[in-house]
Amino acid sequence: TQLLEQSPQFLSIQEGENLTVYCNSSSVFSSLQWYRQEPGEGPVLLVTVVTGGEVKKLKRLTFQFGDARKDSSLHITAAQPGDTGLYLCASTGTASKLTFGTGTRLQVTL
Amino acid sequence: EPEVTQTPSHQVTQMGQEVILRCVPISNHLYFYWYRQILGQKVEFLVSFYNNEISEKSEIFDDQFSVERPDGSNFTLKIRSTKLEDSAMYFCASSEGRQGTQPQHFGDGTRLSIL
């Protein structure tokens, strides 16, 4: 079973700051998905990355997939309180099930 | 935008009782999933379902658990004799296809509390 480690576990920053969160695995991802989960809700898909070295942007969010497809990062520029939530990476491996990471809980304050 | 809906949002049950959690997946999706999230822990895969049969299940999904698609719209998870450790958020998800790049769409979950 693939294990996904996310860091940091918790992050509290002020509005306007930049941040990066990481997702690492000991084995290769076939594809990686990033989700955001808010309290009382299910995970919501942000992006899927497939190709090593791939970079995808979603407004102020930049997602990068490592060249070896064993790690990924999510960078948020000029964080806003609306970015607050639990950020999860998830891998599908060779099957359809998602294996989730441990999550990074982000708090953005005014 | 179509969404996955789950009912009830919160279920409180005595230990040993049976519970059925209900999900309505997105209508043109063919693959269905259940996940659970124990408070403070990560989201864990339970089972995937396609073409009216289980495709894959985790070691958590033991004989106490079963899934069913009783009609063309609902997808249910039954826990036959609940235990305290079954208390968790249960999420249903669906996807159009099986390949890893097909996004899974999640419902807002059912919070199951076992007393």
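Enquirer: Help me out: how do you make sense of the interface of chain A and chain B in this one?
Expert: Where interface size is quoted, it is often the accessible area lost as the parts come together. With 23 residues of chain A at the contact, the number on the chain B side is 18 residues. In total, about 1600 Å² of surface goes out of reach between chain A and chain B, with carbon and sulfur atoms giving 55% of it. Viewed at the interface, chain B and chain A are joined by one salt bridge. Residue Glu-56 of chain B is joined to Lys-97 of chain A by a salt bridge in which the shortest nitrogen-to-oxygen separation is 3.7 Å. On the surface where chain A and chain B come into contact, there are three residue pairs in polar contact (both at pLDDT 80 or more). Elements that contribute at least two residues to the side of chain A that touches chain B include exactly β4 (32-37), β5 (44-49) and β9 (85-91) of chain A. Take the side of chain A that touches chain B: its biggest share by element is three residues, from β4 of chain A.

Enquirer: I keep staring at the pairing of β9 of chain A and nothing clicks. Help me out?
Expert: The side chains of a regular strand alternate, first on one face of the sheet and then on the other. Residue and element names in this part refer to chain A. Within β9, seven of the seven residues are buried, which leaves it mostly tucked inside the rest of the structure. For β4 and β9, the ladder comprises six bridges, and the chain directions are antiparallel. Residue pairing for β9: Gln-33 is matched across the bridge by Ala-90. Both β9 and strand β11 (residues 104-109) contribute to a ladder of three bridges, which runs antiparallel. Considered in β11, the bridge of Tyr-87 is made with Thr-104. Bridge analysis of β9 against strand β10 (residues 99-100) gives two bridges, and the strand direction is antiparallel.

Enquirer: Can you help me understand the sheet that holds strand β1 (residues 5-7) of chain B in this one?
Expert: Think of a sheet as strands paired side by side through backbone hydrogen bonds, with each pair either parallel or antiparallel. Residues and elements named next belong to chain B. Here four strands make up an open sheet; going across it, the order is β1-β3-β8-β7 and the pairing antiparallel. Looking at strand neighbours, the two that pair on one side only are β1 and β7 (65-68), the edges of this open sheet. Pairwise comparison of adjacent strand axes, ignoring direction, gives a mean angle of 20 degrees for this sheet. In the sheet, strand β3 (residues 19-24) pairs with strand β8 (residues 75-79) via five bridges, with the strands oriented antiparallel. Looking across to β8, one finds that Ile-20 is bridged to Lys-78.

Enquirer: Explain the state of the cysteines to me, please; I cannot follow it from the model alone.
Expert: Disulfides are covalent bonds that link the sulfur atoms of two cysteine residues. Residues and elements named next belong to chain A. Tallied over the full model, the rule gives two disulfides over all chains. The disulfide that involves Cys-23 links it to Cys-89, with 2.1 Å between the sulfurs. Disulfide Cys-23-Cys-89: torsion about the S-S bond near 75 degrees, hence right-handed. On the criterion of sequence distance, the pair formed by Cys-23 in strand β3 (residues 19-25) and Cys-89 in strand β9 is long-range, its members being 66 residues apart. Neither residue differs from the other here; Cys-23 and Cys-89 are each classed as buried.

Enquirer: Would you explain the nonpolar core in this entry?
Expert: By size, the foremost hydrophobic cluster in this structure holds 23 residues, and its most contacted members are Trp-34, Leu-46, Phe-61, Val-67, Phe-75, Leu-77 and Tyr-90 of chain B. Elements represented by at least two residues in this core include exactly β3, β4 (31-37), β5 (44-50), β7, β8, β9 (88-95) and β11 (110-114) of chain B. Other than its neighbours up to four places away in sequence, Leu-46 of chain B contacts Trp-34, Tyr-35, Arg-36, Glu-56, Lys-57, Ser-58, Ile-60, Phe-61, Leu-77 and Tyr-90 of chain B. Among the nonpolar cores identified, the runner-up in size contains 20 residues, and Val-21, Val-47, Leu-74 and Val-108 of chain A belong to it.

Enquirer: Please explain the pattern of salt bridges as it appears in this structure.
Expert: Side chains that carry opposite charge are capable of pairing whenever their charged atoms lie near each other. All names here are of chain A. Summed over all chains, the structure comprises five salt bridges over all chains. With its nearest N and O atoms 3.7 Å apart, the salt bridge here joins Lys-56 to Glu-54. Across the pair Arg-60 and Asp-83 runs a salt bridge whose closest N-O atoms are separated by 2.9 Å. Here the residue Arg-60 occupies a position in the loop between β6 (55-58) and β7 (61-65), and Asp-83 occupies one in the loop between β8 (71-76) and β9, the gap between them amounting to 23 residues. Residue Asp-83 is classed as buried on the basis of its relative accessible area of 5%.

Rules of the game
- Residues numbered from 1 in each chain as written.
- Chains lettered and ligands numbered in written order.
- Predicted model: local features only at pLDDT ≥ 70, side-chain atom pairs only at ≥ 80, totals over all residues.
- Heavy atoms only, no water.
- Contact = heavy atoms within 4.5 Å.
- Buried area = accessible area lost by both parts, 1.4 Å probe.
- Salt bridge = Lys/Arg side-chain N within 4 Å of Asp/Glu carboxyl O.
- Polar contact = N/O pair within 3.5 Å; in protein donor to acceptor, adjacent residues only side chain to side chain.
- Helix = DSSP H or I, 4+ residues; strand = E, 2+ residues; numbered from the N terminus.
- Buried < 20%, exposed > 50% of the residue type's maximum accessible area, 1.4 Å probe, protein only.
- Pairing = 2+ DSSP bridges.
- Axes fitted to C-alpha atoms, helices over the stretch in contact; angles between N-to-C directions.
- Disulfide = S-S within 2.5 Å.
- Core = buried A, V, L, I, M, F, W, Y, C linked by side-chain atoms within 4.5 Å.

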